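These are the residues of each chain, in order.
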Amino acid sequence: MDTLSYLGGGLGELAGNLGLGFAVALSLKNLGLCFLGCLIGTLIGVLPGVGPIATITMLLPITFGIDPVGALIMLAGIYYGAQYGGSTTAILVNIPGEATSVVTTLDGHQMAKQGRAGVALGIAAIGSFIAGTVATIIIAALATPLTKMALLFGPADYFSLMVLGLMFAVVLARGSVARAIAVILVGILLSTVGTDLESGEERLTFGWSEISDGLDVAVLAMGLFGFAEILKNLETTQTRDVVHAAIGNLLPNRKDFRQAAAPIARGTFLGSLLGLLPGNGAVLGPFASYTLEKKLAADPSRFGKGAIEGVAGPEAANNSGAQTAFIPLLTLGIPPNAVMALMVGAMTIHGIVPGPQIMTKQPQLFWGMIASMWLGNLMLLIINLPLIGLWVRFLKVPYRLMFPSIVLLCCIGIYSVANSPIDVFMTAAFGLFGYALLKFGLEPAPLLLGFVLGRLMEEKLRQALVIARGHMTTFVDCQVWLGKCDRPISTGLLVLALLIVIVAVLPSISKSREEVFQDAD
Amino acid sequence: MLDVPGDRAQPSGRGIVKSQLDLGAGLLLIVIALVGLYGSLGLRFGQLTSVGPALMPRSVAVLVGVFGIGLVITSFLSIGPRLERWHLRGPFFVLGSVLLFAMTIRGSTLTFGSLKIAIPQLGLAIAGPLTVLFASLADRETRPVEILLYTTFLTLACVGMFKYLLRLPIPILPPGWGPF
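I will try to describe carefully the structure that is included in this document.

Parameters and conventions
- Every chain begins its residue count from 1, and numbering advances along the sequence as written.
- Naming scheme: in the order in which they are written, chains are lettered from A and ligands are numbered from 1.
- With the structure being a predicted model, the display of local features is reserved for residues of pLDDT at least 70 and the display and counting of side-chain atom pairs for 80 or more, all residues being used for whole-chain, interface and lining totals.
- Side-chain numbers come from the whole structure's heavy atoms, not from hydrogens or water.
- What counts as a helix is a DSSP run of H or I of at least four residues, what counts as a strand is a run of E of at least two, and both are numbered from the N terminus.
- In this description the radius of gyration comes from C-alpha coordinates, and the expected globular size is given by 2.2 Å times residues to the power 0.38.
- Buried, partly exposed and exposed residues are distinguished by accessible area as a fraction of the type maximum, computed with a 1.4 Å probe on protein chains only: under 20%, between the cut-offs, and over 50%, respectively.
- To be clear on the numbers: accessible area is Shrake-Rupley with a 1.4 Å probe, and residue cover counts the displayed protein chains and nothing else.
- Neither His nor the chain ends contribute to the count of charged residues, in which Lys and Arg are positive and Asp and Glu negative.
- Charge placement uses NZ in Lys and CZ in Arg. For Asp and Glu, CG and CD serve respectively.
- Should any heavy atoms of two residues lie within 4.5 Å, those residues are considered in contact.
- As used here, buried area is the combined drop in accessible area, with a 1.4 Å probe, of two parts when they are placed together.
- The rule for a salt bridge is simple: a side-chain nitrogen of Lys or Arg has to be within 4 Å of a carboxyl oxygen of Asp or Glu.
- Two N or O atoms form a polar contact when they lie within 3.5 Å of each other; inside protein one atom must be a possible hydrogen donor and the other a possible acceptor, and for residues adjacent in sequence the pair counts only when both atoms belong to side chains.
- Lines fitted to C-alpha atoms define the axes, with helix axes restricted to the stretch in contact, and inter-axis angles between N-to-C directions lie between 0 and 180 degrees.
- An angle below 35 degrees is treated as roughly parallel, one above 145 as roughly antiparallel, one from 65 to 115 as roughly perpendicular, and anything else as oblique.
- Throughout, the ten residues Ala, Val, Leu, Ile, Met, Phe, Trp, Tyr, Cys and Pro are labelled nonpolar, Asp, Glu, Lys and Arg are labelled charged, and all others, Gly among them, are labelled polar.
- Nonpolar cores are built from buried Ala, Val, Leu, Ile, Met, Phe, Trp, Tyr and Cys residues. Side-chain atoms within 4.5 Å join them into one set.
- Should the near helix be turned anticlockwise from the far one by less than a right angle, the crossing is left-handed, and should it be turned clockwise, the crossing is right-handed.
- By this definition, two strands are paired if DSSP reports at least two bridges between them.
- In this analysis a 1.4 Å probe is tested at points of a 1 Å grid over the protein atoms alone, and where it fits but cannot get out there is a cavity; an open set with protein on both sides within 12 Å along at least five of seven lines is a pocket; lining residues have an atom within 4 Å of a point.
- Grid points are joined across faces, edges and corners, and a volume is the space filled by probe spheres set on the points.

1. Examining the overall build of chain A
At step 1: Secondary structure assignment for chain A yields 20 helices and four strands.
At step 2: Here the C-alpha radius of gyration of chain A, 22 Å, is about what a compact globule of 521 residues would show, namely 24 Å.
At step 3: Counting only C-alpha atoms, chain A reaches 70 × 65 × 55 Å along its principal axes.
At step 4: The proportion of buried residues among the 521 residues of chain A is 64%.
At step 5: Accessible surface for chain A amounts to roughly 18500 Å². Of this, 68% is attributable to carbon and sulfur atoms.
At step 6: Charge-centre separation for chain A: the mean point of 30 positive side chains lies 9 Å from the mean point of 31 negative side chains.

2. Quick notes on the interface of chain A and chain B
At step 1: With 70 residues of chain A at the interface, the matching set in chain B holds 72 residues.
At step 2: Carbon and sulfur atoms make up 78% of the surface buried where chain A meets chain B, a total of about 6500 Å² over both sides.
At step 3: Of all residues in chain A, Arg400(A), Lys439(A) and Phe440(A) bury the most surface against chain B, accounting for 11% of the area lost on that side.
At step 4: The partner of Asp22(B) in a salt bridge is Arg179(A), and the shortest N-O contact between them spans 2.3 Å.
At step 5: Between chain A and chain B we count seven residue pairs in polar contact (both at pLDDT 80 or more) in total.
At step 6: Put simply, the parts of the chain that give the side of chain A that touches chain B at least two residues each are helix 7 (177-191), strand 2 (202-203), helix 8 (217-235), helix 16 (399-418), helix 17 (421-439) and helix 18 (444-467) of chain A.

3. A short note on the packing of helix 8 of chain A against helix 18 of chain A
All names here are of chain A.
At step 1: Across the interface, helix 8 lies against helix 18 with an axial gap of 10 Å and an inter-helix angle of 175°. The orientation of helix 8 relative to helix 18 falls into the category roughly antiparallel. Facing helix 8, whose interface residues are Val217, Leu220, Ala221, Leu224 and Phe225, helix 18 presents Pro444, Ala445, Leu447, Leu448, Phe451 and Val452.
At step 2: Of the residues belonging to the contact of helix 8 with helix 18, the class tally is 11 nonpolar, no polar and no charged.

4. Points about the environment of Leu442(A)
At step 1: Mapped onto the secondary structure, Leu442(A) falls in the loop between helix 17 and helix 18.
At step 2: Expressed as a C-alpha distance, the spacing of Leu442(A) and Pro404(A), which sit 38 residues apart in the sequence, is 26 Å.
At step 3: Those residues in contact with Leu442(A) that lie beyond four places of it in its chain are Arg179(A), Val183(A), Leu437(A), Ala25(B) and Leu28(B).

5. Considerations on the pattern of salt bridges
Where charged atoms from two side chains of opposite charge approach closely, those side chains can pair.
All names here are of chain A.
At step 1: Following the criterion strictly, the structure yields 13 salt bridges over all chains and no others.
At step 2: Note that arginine 203 and glutamate 458 form a salt bridge whose closest N and O atoms lie 2.8 Å from each other. Placement of the pair is arginine 203 in strand 2 and glutamate 458 in helix 18, with a sequence separation of 255 residues. Just as arginine 203 is buried, glutamate 458 falls in that class too.
At step 3: Here arginine 462 ties to glutamate 458 by a salt bridge, and the two come within 3.2 Å at their closest N and O atoms. Of this pair, arginine 462 and glutamate 458 both sit in helix 18, separated by four residues, roughly a single helical turn.
At step 4: A residue is classified by how much of its surface remains accessible, and glutamate 458, at 6% relative accessible area, is buried.
At step 5: Among the charged side chains, a network of salt bridges with common partners joins Asp196, Arg203, Glu458 and Arg462.

6. Some points on the nonpolar core
At step 1: Residues Tyr79(A), Ile230(A), Phe326(A), Leu447(A), Phe101(B) and Leu124(B) are the most contacted members of the largest nonpolar core, which totals 203 residues.
At step 2: With 16 residues, the single largest contributor to this core is helix 15 (residues 363-395) of chain A.
At step 3: Contacts of Leu124(B), omitting those with residues within four sequence positions, involve Ile412(A), Phe101(B), Ile105(B), Pro129(B), Thr155(B), Cys158(B), Val159(B), Ile170(B), Pro171(B) and Ile172(B).
At step 4: Core analysis: the second largest hydrophobic core is formed by nine residues, Val102(A), Val103(A), Val283(A) and Phe303(A) among them.

7. Here we look at the packing of helix 8 of chain A against helix 17 of chain A
Residue and element names in this part refer to chain A.
At step 1: Two elements in contact, helix 8 and helix 17, have axes whose closest approach is 7 Å; the angle formed by their N-to-C orientations is 55°. Classified by the angle their axes make, helix 8 and helix 17 are oblique. Considering the relative orientation of helix 8 and helix 17, their crossing is right-handed. Contact residues: Val219, Leu220, Met222, Gly223, Leu224, Phe227, Ala228, Leu231, Lys232 and Glu235 in helix 8; Asp423, Met426, Thr427, Phe430, Gly431, Phe433, Gly434, Tyr435, Leu437, Leu438 and Lys439 in helix 17.
At step 2: Residues that form the contact of helix 8 with helix 17 fall into these classes: 13 nonpolar, four polar and four charged.

8. Looking at the pairing of strand 2 (residues 115-119) of chain B
Residue and element names in this part refer to chain B.
At step 1: Two strands pair when backbone bridges link them, and strand 1 (residues 108-112) and strand 2 are joined in this way by five bridges, in the antiparallel orientation. The residue of strand 2 that forms the bridge with threonine 111 is lysine 116.
At step 2: The antiparallel hairpin formed by strand 1 and strand 2 contains two residues in its connecting segment, where glycine 113 sits at a positive phi of about 65°.

9. As for empty space enclosed by the protein
All names here are of chain A.
At step 1: Here the structure, examined in full by the defined rule, presents three cavities of 30 Å³ or more.
At step 2: The computed volume of the second largest cavity comes to approximately 50 Å³.
At step 3: In this structure, the second largest cavity is lined by Gly49, Val50, Ala54, Phe225, Gly226, Glu229, Ile230, Asn233, Tyr399 and Ile406.
At step 4: Broken down by secondary-structure element, the contributors of at least two residues to the lining of the second largest cavity are helix 8 and helix 16.
At step 5: The dominant element in the lining of the second largest cavity, judged by the number of residues it contributes, is helix 8, at five residues.
At step 6: Looking at the lining of the second largest cavity residue by residue, the class counts come to six nonpolar, three polar and one charged.

Right, dumping it as structure tokens:
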């Protein structure tokens, strides 16, 4: 009875909160911003080799004149647009716009070659929409309890949670575990550049006053992901085979729907779950979904030759993961991946500190943003399908014209963040650094995550140590054998982190870890 | 992003260095670690009871160095991929064009010892096309007429969008040239 009334009360509260959110998001201005964000995000995201990170950094300045609620709604729209644009490129050109749409190239592009590009794009859009709807409900339902839980977190627990997140990032990164850990450590090292908050002393600035405030996440991201990516693309002579076959019917037929329904449901579930994980779980969603569908299929040999399940499932997983990744950011204030790290930067510019206090102090912003997530998904469905012709034309613009434009837009974007030419200069330096990382087989994505979490980690570490009077044991203060446990959360998280690493290095598991990624090669 | 170059590269084969990729990555990490250690010289390390500003950077730098040394050792022991060729054209023109933008958008002063070179502010309408044209040299396939026409169009579009539509405080022309 009690549980029932609690559940009822919870549902009522949820409805009330969503009502508030929709009231905010449905205002003409915010609706327009959401639409504009989705449209521009898709426009830039469609460009081959321009992922969500570069897109968001490039477009950050256009949100400056807008109030925080509107700006965040627009940025979220840009993010979804960029994600969806990446899938369009994957299907039509066989070049993944970003990491998560690698899987879509496998069957999506094959479908396009068979003259079924329209159906592939259609099912991707519909699957994404369904996944987005479910993910929005999950976010809304989990937000309140998770925020309440976050308030129980002490500095030690936060620190351990971030350690867990970084360990996830290590496991989910490609290549060797040692390389991933090393790259994350470099990110943490970069995060210590600037004035130490407690002592006021400058660290790693080499007497250069321009970086005494620390490095900017947008500058780092643009260098590592914007410019380094261009340099890499210029070297590989891309054979862009834009599909010449007709796009065909956009609406999948009854048989397509029957085949795609279950993969979409499974993909949505997998993606939502993985997206919740700290440490870039969202990236794994599409891979996991593809592997699962291939295992479940009656005839696995169809995969890679244009199986609709291979598009529907991963696309659903991609989108739901992209959205539930907001949960750790909005409730705990911890960005789970590089894109969310950038969102933190964007929020800071607008004077919002992500974390549990957003929901209680700025309910309009919080619920407005969640409601706009669903509206954004709806808009993607509405604007993308009719505009496919436009995207196809856009894709035919040769790279020799595209990359100088991207360079210019990146420059303007970075300059405008702080009206600072020095920032532009530093972006170039990080571009060179990113290029070197790629050349040496070091992945830049975990670096950015380490960079963002590094600052928070140091802060929480120092707080925790002050509280515990210098006892490192505060992180694992748990003597189960004595029936005493002072820090159950922190201890549990650290044990989990340790388990993950052990499991990842075990030969049998590390083999299957390769298997999950191998389809992408 | 997912395309780690080592995936497709040729194995380094016989020789003392069995994995050029590991050696390169290891050396890079060691350099980063040394810079980190150098940059936190003279700062208080502190104890656990009162953590000093150097604790985090120095311990992280040491760890980076350890991984770097580990990779260098691996490179002599197990066979791995060869380093990919480094290209100069792309980085030179693309990153050069970014520097060009940084120097000319609002003007700047370059200092080489006692030599000072003042670079005037050119503004978006001039610095923009300069950036695009310089960057375009990175690609051999660039065609002169096409890129000139395209740059003109792009510059007009950017000025229109960033100055008039979004009203960003970005300089458009050199100071004193017209109404900006």
